[in-house]
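Each chain, written out:
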Amino acid sequence: MLALIILAGMIGGGGYYGYQWLNDVLVPDDYPGPGSGEVIIEIRQGASAGEVAQILVEKGVVKSVRAFTNAIDAAGMSGSLQPGDYRMRKGMSAKDAVALLDPKRRLQTKVTISEGMRASQIYQKLEEATGISAEEFQKAAKAISLPDAARGNIEGYLFPATYEITPRMNATEILEKMLDRHDKAVEDAGLRARAKKLGFTAHEMLTIASIVQAESGRLQDMPKVARVIYNRLEKSMKLQMDSTVMYGLGKYGIIASGTDLESESPYNTYRWEGLPPGPICNPGDHAIEAALQPEKGDWLYFATTDPKRRITKFTDSWEEFQKIRAELYRNVQGG
């Protein structure tokens, strides 16, 4: 009888512990509520649900790996985790944690850099969007690796586009993202090979594209502006572009004053023959393509006669150009 009692106890005890083990497997440890506080979680590119679960456990967001993987499987999101930063809470139920990993909740800021912006303008816009000071971007730009021809000047290499910026990115990482986008644009356009066929280096072609960008009021004018640049270079004429003069002086505007034209800046194309040392802004796809494929024509002069409507007129006659310039002055003076 004693033996039977002991055997029954062993079976009962084994059954209890077996039930506990099975319960732990089927119903893993989980927090009961929405959690509290705040913690930023980073999901890296290509991370699996299991790897994310481990991070969440280490950060105290969820109680167990199994609880999270079960919850994300139930939500059908195992294969849709998007890389980025997410704001979460500590001590959350796995189900609530999965809900906060919706890609729409990623912590990111979208910043649009417009064609023709100068680096200084880009730094200011990035400061407004990220809180990182413009001075920090200037400092980072000096430390970034650039082509030798750039001589440490990042102008022209910050490609205009819309960028997604996360809270973890610093000034260097943001600028490098823009440089990567520039490299892709250059590669897609075949810029290096096409520039070589035209007798220019990639840096010189970017410089031409930047002038085209700065001087063109409309997209359809860009190939003509590019042709004027090439025609003047071929005739060993000074470019005489007001945009380059203004850039060298750190000014903005479409008409350089008489005093401006006396500047000894290397960007003063009224004083110096040939191209300026580098780009005067950051050109977009259209300006780059126009520089690589200018329109055929004999034009040597142009002026934006109506800045409000962005109307630009072109001519190969000096006398006609004087009339065009006079029209511009009348429109500017008339407001």
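Everything numeric in this text was worked out from a predicted model, so none of it was measured.

Undergrad: So what's going on with the overall build of the protein chain? Residues and values would help.
TA: Of the regular secondary structure elements, the protein chain holds 13 helices and 6 strands. Taken over the C-alpha trace, the protein chain has a radius of gyration of 31 Å; the compact-globule value for 335 residues is 20 Å, which it surpasses by more than 25%. C-alpha extents for the protein chain along the principal axes are approximately 125 × 40 × 35 Å. Out of the 335 residues belonging to the protein chain, those deemed buried represent 41%. Restricting to contacts in the protein chain with at least 6 residues of sequence separation, those with at least 24 account for 64%. Surface exposure of the protein chain reaches about 18,400 Å², of which carbon and sulfur atoms provide 50%. In the protein chain, which carries 41 positive and 43 negative side-chain charges, the distance between the mean positions of the two groups comes to 3 Å.

Undergrad: Any chance you could break down the side chain of aspartate 306 for me, citing the residues and the numbers?
TA: Locating aspartate 306 in the fold gives a position in strand β5 (residues 301-306). Judged by its relative accessible area of 15%, aspartate 306 falls in the buried class. Polar contacts involving the side chain of aspartate 306 include one to the side chain of arginine 309, which spans 2.8 Å. Contact partners of aspartate 306, with chain neighbours within four places excluded, come to Ile311 and Asn331.

Undergrad: Requested: an account of unusual backbone geometry, with residues and values cited.
TA: Of note, the phi angle at arginine 151 is positive, near 55°, even though the residue is not glycine. Although it is not a glycine, glutamine 240 sits at a positive phi angle of roughly 50°. For glutamine 240, the location among the structural elements is in the loop between α10 (222-234) and α11 (242-249). The class of glutamine 240 is partly exposed, set by a relative accessible area of 33%.

The rules behind each value
- Residues numbered from 1 in each chain as written.
- Predicted model: local features only at pLDDT ≥ 70, side-chain atom pairs only at ≥ 80, totals over all residues.
- Heavy atoms only, no water.
- Helix = DSSP H or I, 4+ residues; strand = E, 2+ residues; numbered from the N terminus.
- Rg over C-alpha atoms; globule rule 2.2 N^0.38 Å.
- Buried < 20%, exposed > 50% of the residue type's maximum accessible area, 1.4 Å probe, protein only.
- Contact = heavy atoms within 4.5 Å.
- Areas by Shrake-Rupley, 256 points an atom, 1.4 Å probe, with all protein chains shown as cover.
- Lys, Arg positive; Asp, Glu negative; His and termini not counted.
- Charge placed at Lys NZ, Arg CZ, Asp CG, Glu CD.
- Polar contact = N/O pair within 3.5 Å; in protein donor to acceptor, adjacent residues only side chain to side chain.

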